[in-house]
Structure formats: structure tokens, C-alpha cells
Amino acid sequence: MNLDQLQRAFEETYRRPPQFIVRAPGRVNILGEHVDYNDGPVLPAAIDQAVYIAVAPGQDDCVRLHALDLNQQVAFRLDNLAQKRDVEGKPLPGWALYPAGVAWALQEAGLHTPGLLAAYTSEIPIGSGLSSSAAVEVGFAFAWQTLGSWEISRLALAQRCQKAENQFVGVSCGLMDQFACACGVEGHALYFDTRSLEWDIAPIPPEVALVIADSGVRRNLTHSGYNERRASCEQAVRELQQYLPHIRSLRDVKTTEFAAYSMFLSEIPRRRAEHVVKEIARVHSAVSALRRADKQALGALMYAGHNSLRNLYEVSTPELDILVELTRSLPGCIGARLTGAGFGGCTLNLVELDQAEAFIAGLQRGYAQATGRQAKVYLCRASQGVSLL
Ligand code: GLA
């Protein structure tokens, strides 16, 4: 759906034109997976696939939503959000919890959330690990900021959205996705320290393409599997505190300390913690590799990260593993790994731009042969964060 179609769909739904359109991008993560809820550093980039939300002020204290891709509509009041019910008293559908949660989290911070009309569509495939839900959250937060005539920093906006997802939707996610969507910078990866909340940009060399390959496989256990992983990390911290009483999170555990004490950990927390501790070290190495434009080193770190997600964190799938393995014999590939939480979804491939076409054709052919499935493959660019069009 293009912007004209979005505008027309808005007008058909609400019999008036939208006042503005918000663009909120998805993200890939170059490295640093499952470390944002362990206070570690991450290296995401916002991408040029985005959610587009057409918005107009409402006449009353209600939010009216039309999710165009789902062909569903709902209306809910802004004065009893915690009930999670629509204007007729029926439970809100799952997709509406994201905008409703954002309104709730903004209100919690004393920010004005006026009634609004919205119609929206996503280019980001849903449930693919490219953060379509964070894009919806940040996009709506931005819409309320625009309509409500207040302004907070982009980081603070991202934190409100994380609160919505943690406490309203019920997924204990970290801050990476909302941060990337809010703060993206064209042509750059974002090096974000999830403890200090400091961040900096690292240029992606212009001759390097971001190629996303969607395995087409989605696992329902994403939410429960994700929350379980997080609980295992917390258990590992509690167990390690017997030997390292100063640690507050896995971020505080040095690789040498982990080597010394990991033998005392229970089996599952030990594997999960090993991934996190070493992944944090990989992110530090990856940023310096990016800054020196050392593509070979960066690629090796990505492959190592994927192996660790497969063997230690156990969030890969056979299809994602096939997509990564295939790249080793394809032209122009610098590195490949699953991106996002895992449990299905997409891989991110860094590919020499002048060989991207041959790479994509080879990957699609190999994947179809190995699995009988078609992989959708997209050539992306690192893009700017949420904005008004
Ligand atoms: C999801 C979460 C993020 C992060 C990643 C894994 O995308 O929303 O906070 O934990 O998984 O790195």
C-alpha cells in the first residue's frame, strides 16, 4: 500500500483527510542479541521498511483505529485504558494493545493524549523479528506528541513505549527496538549502551548492503520463550552473586570471571549466561571493527553470534540455520546471523553491494532447494528514526 492509498483509505474510513502521516521504521540488529535486558550494549540500525500512520484529531475522548493490513477497526476510550476494553466493553484485540498501551504509558507520565483517528499500514512483515510492534508503538507515541503539543526526548519516547510493551502488552522486552525506531540515523548503525543509555553512531560503509532474508517461519512461543530466557539470565545473576557479590546483571561479569565460575551454575542459566557474556564482548569488538571498516572481522563476529544463539541461547530454527549456512558459499557475503529475538523470523546479511543481486538469487535458490519454501529477501538501507512525512 502506498501513501496515496493510505490517505484514501483514511478518508474512506473517517470521511475527512488526515492531518499528518507518521513514518516509524523497523530495525535490524547487527550484533548484541538478547543483551539489552542484561544491561549490555547493542548495535541496531533503523531500516527503510516502516509503519505509516495517517492521523487526525478526534472529536471526543476516543481513539478510533483502522488496521488496514488486518482489515479490522476498533474504538476505545482514553479515560479507562487499564481495562483494555473497547467502547462496547469487549476486550481489545491483541493488535490494539500496542497503541492503547502507548496512550496508557504516556498518561502515566502525565503527558496529554488527545482523542485521535488513525489508519495504518506496515511494510514490516509482522512477527518477523524486524520490530513491527516497536514501530507501531513509537509511531503512535510520536502522533500523540504531535497532537498533544508536548515534547520529550526521543530516548524518553522510546522508554514510554517499552513501558507500554512491558506492563500493558506483557512482553518483558528490553529497550533496543523502540530506541532504534526512535533514534535511527540514515546510513549508520547505532551503538547503544542499555545501562548508561549513552549512544553513538557508527557508519555502515556505503558499499555494504543490508540484506534481510525472511525464513517465512514464525513460532508462537516467541513471548513465552522470550520471557523464559530473561528469567534464566536473572537466575544466572543470582547464582553468580555467591562468587561475585558486586554484580547487578550479566553486564558486570567479565569473560574471565565467567570462565572461573560458570562451572558452579545450573545447566540452563549457564548456557544462557555464556551467550550473553560473550555476546557483549562481541559487540565491543564489532563496533571497533565497523569504525576501522574491517569487514572481515565484523562478519566473523556475526557468524559467531549466530552460532551462540543457536547452540547456547537456543532461539534459532532449522530454517534460520540453513539461511545462515548457505551464505558461506555465496558471493559477496561479509557476515550473516539471525536478527531479533529468534524463534523464526529473519536473518541479516551484510553483503558487498555490487554482488548483492547474485547473492540474493543464490540465497533464494538454495533455500527453496533445502526447505521447499520461498524466502522473501529484501535489500535495505539504514534509515532515520520516526518522523512526520
Ligand atoms: C526483541 C526485544 C528486544 C531484544 C531482542 C533480542 O526484539 O524486543 O528488546 O531483547 O528481542 O535481542
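All of these numbers come straight from a predicted model, not from anything done at the bench.

Caption draft 1: Spatial organisation of the nonpolar core. In terms of nonpolar packing, the biggest core is built from 108 residues, with Leu 65, Tyr 120, Phe 140, Trp 144 and Leu 250 touching the most fellow members. Residues in contact with Phe 140, not counting those within four places in the same chain, are Ile 53, Leu 65, Pro 99, Val 102, Leu 116, Ala 118 and Tyr 120. Core analysis: the next-biggest nonpolar cluster, separate from the first, contains 18 residues, Ala 213, Cys 333, Ala 356 and Ile 360 among them.

Caption draft 2: The packing of aromatic side chains, seen in detail. What the rule picks out here adds up to nine aromatic pairs. Aromatic pair Phe 179 and Trp 199: ring centres 5.3 Å apart, planes at 80°, arrangement edge-to-face. Pair noted here: Phe 179 is in helix α5 (residues 176-183) and Trp 199 is in strand β8 (residues 199-203), with a separation of 20 residues, a long-range link. Taken together, the aromatic side chains of Tyr 120, Phe 140 and Trp 144 make up a single cluster linked through ring pairs. The ring of Tyr 303 has Arg 328 lying over it, and the distance from NZ or CZ to the ring centre is 4.2 Å.

Caption draft 3: Representation of the site of the ligand in the model. As a structural note, the neighbourhood of the ligand is formed by Arg 27, Glu 33, His 34, Asp 36, Tyr 37, Cys 173, Gly 174, Met 176, Asp 177, Tyr 226 and Ala 341. Between the ligand and Tyr 226 there is a distance of 2.5 Å, counted from an oxygen atom to a side-chain nitrogen or oxygen.

Caption draft 4: Region of interest: the packing of helix α2 (residues 97-108) against helix α3 (residues 132-148). For the pair α2 and α3, interaxial distance at closest approach is 9 Å and the crossing angle is 50°. Comparing their axes, α3 and α2 come out oblique. Of the two elements, α2 crosses α3, and the hand of that crossing is right-handed. Contacts from Tyr 98, Pro 99, Val 102, Ala 103 and Leu 106 of α2 reach α3 at Ser 133, Val 136, Glu 137, Phe 140, Ala 141 and Trp 144. Here the residues of the contact of α2 with α3 are counted per class, giving nine nonpolar, one polar and one charged.

Caption draft 5: A look at unusual backbone geometry. A positive phi angle, close to 55°, is found at Asn 71, a residue other than glycine. A relative accessible area of 64% means that Asn 71 is categorised as exposed. Its identity as a non-glycine residue notwithstanding, Lys 84 has a phi of 55°, on the positive side. With respect to the helices, strands and loops of the structure, Lys 84 is situated in the loop between β5 (72-77) and α2.

Caption draft 6: Molecular detail of the packing of helix α4 (residues 154-169) against α5. Orientation of α4 relative to α5, taken along the N-to-C sense of each, is 145°, at an axis distance of 8 Å. Of the two possible hands of crossing, α4 and α5 adopt the one that is right-handed. Touching Arg 154, Leu 155, Ala 158, Cys 161, Gln 162 and Glu 165 of α4 are Gln 178, Phe 179, Ala 182 and Cys 183, all from α5. Classifying every residue of the contact of α4 with α5 by side-chain character gives six nonpolar, two polar and two charged.

Scoring rules and cut-offs
Residues numbered from 1 in each chain as written. Predicted model: local features only at pLDDT ≥ 70, side-chain atom pairs only at ≥ 80, totals over all residues. Heavy atoms only, no water. Core = buried A, V, L, I, M, F, W, Y, C linked by side-chain atoms within 4.5 Å. Buried < 20%, exposed > 50% of the residue type's maximum accessible area, 1.4 Å probe, protein only. Contact = heavy atoms within 4.5 Å. Phe/Tyr/Trp six-rings, centres within 6.5 Å; stacked < 30°, edge-to-face > 60°. Helix = DSSP H or I, 4+ residues; strand = E, 2+ residues; numbered from the N terminus. Lys NZ or Arg CZ within 6 Å of the ring centre and 35° of its normal. Near = heavy atom within 4 Å. Polar contact = N/O pair within 3.5 Å; in protein donor to acceptor, adjacent residues only side chain to side chain. Axes fitted to C-alpha atoms, helices over the stretch in contact; angles between N-to-C directions. Parallel < 35°, antiparallel > 145°, perpendicular 65-115°, else oblique. Left-handed = near helix turned anticlockwise from the far one by under 90°. Nonpolar A, V, L, I, M, F, W, Y, C, P; charged D, E, K, R; others polar.

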